[in-house]
Amino acid sequence: MSQPQFHKTRIAPTPSGFLHLGNALSFALTAAIAERSGAKILLRIDDLDRERVNREYVQDIFDTLNFLQIHWHEGPRNYEDYERDWSQTHRLDLYNEALKQLRDKGKVFACSCSRAAIKRASTDDSYPGTCLHKSIDLDAPDSSWRLITEADAKVDIRTYPEDIIETRLPANMRYFVVRKKDDYPAYQLSSIIDDLHFGVDLIVRGQDLWASTIAQEYLAQQMGLDAFGQITFYHHPLLMETGGLKLSKSAGSTSIKYLRDHGHSAMDVYGMIGRMAGIQREVKDWQELGKALLE
Ligand SMILES: [Zn+2]
């Protein structure tokens, strides 16, 4: 099979906890696919969740990538670099311009529901459209902006290496949030704007973000950002803890920092990931992990 070629992919962690084995798998696969498709790697630190971001977690991103011997071509090299030039807070004008366009086109409504209220009103985790016809002022304090979505909207997703999947906006993405209650753009919006801004044409992420991918593709359509439809996605399986639990940033002993601090080498860590991913032979670096999982 011939390898499709790409210009740029990205590693886009959130500094809201210490990175864990699942993040490492994602970075390793990004590096492996980038290498075989000629793509450069951008490091983007998704830091708009302002309450949870802290310096230690940002530093952990650099430490982890260096430890795992994953190189990136563009983006911050250290904390000072990140803060000075690369934080998403430097791109708020871009996000706000996109939000203004959605507002001007009448594509959003304000929602003042609390998380608990949504939980009570919903039967399946989806937002039931409680505020859709309430005409709450978009400038009202303590309200988020939600996108007006059509039920069953069709979305096409380009997938790696080369396929197109026709799908629909899932129920849990109905009226999804594009601006949070703290007035910062929501992840779905900032991610699209950044990927287009930096010229990303390949995105590698976990399967848990499949619904987000559909939401982002749909939102890009609504904003007339056709270029986003040209991006190719690879959704990789997630690592599970024994017992089938999804790894989380609160799970201390699977954090890369914990393993580093306890004397494990990068080779040990790749070996653990390989075993958790069900690979029979021993893997010792991201190149071998990529080979085992992609071929
Ligand atoms: Zn609401």
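Structure: see above.
What counts and how
Residues numbered from 1 in each chain as written. Predicted model: local features only at pLDDT ≥ 70, side-chain atom pairs only at ≥ 80, totals over all residues. Heavy atoms only, no water. Salt bridge = Lys/Arg side-chain N within 4 Å of Asp/Glu carboxyl O. Buried < 20%, exposed > 50% of the residue type's maximum accessible area, 1.4 Å probe, protein only. Pairing = 2+ DSSP bridges. Helix = DSSP H or I, 4+ residues; strand = E, 2+ residues; numbered from the N terminus. Axes fitted to C-alpha atoms, helices over the stretch in contact; angles between N-to-C directions. Core = buried A, V, L, I, M, F, W, Y, C linked by side-chain atoms within 4.5 Å.

Draft legend 1. Representation of the pattern of salt bridges. A full pass over the atoms with the stated rule returns 20 salt bridges. The closest approach of N and O atoms between D49 and R52, which form a salt bridge, is 3.0 Å. Judged by its relative accessible area of 47%, R52 falls in the partly exposed class. A cluster of three or more residues bridged by salt bridges with shared partners is formed by R10, R44, D46, R91, D194 and D195.

Draft legend 2. The arrangement of the sheet that holds strand β7 (residues 177-179) in detail. Strand order in the open sheet formed by three strands is β3-β4-β7, with antiparallel pairing between adjacent strands. If you trace the sheet from one side to the other, it starts and ends with β3 (108-111) and β7, each paired once. Across the sheet, the mean angle from the axis of one strand to that of its neighbour is 45 degrees, orientation sign disregarded. One ladder, built from two bridges, connects strand β4 (residues 144-147) with β7; its direction is antiparallel. Along β7, the bridge assignment pairs R146 with V177.

Draft legend 3. The arrangement of the nonpolar core in detail. I70, Y270 and I273 are the most contacted members of the largest nonpolar core, which has 44 residues in total. Within the residue set of this core, elements represented by two or more residues are α1 (21-37), β2 (40-43), α2 (55-67), α3 (79-86), β8 (202-206), α8 (256-261), α9 (266-276) and α10 (286-294). Ranked by residue count, the leading element in this core is α1, at ten residues. The next biggest cluster of nonpolar side chains, apart from the first, holds 35 residues, and it includes V108, A110, W145 and I193.

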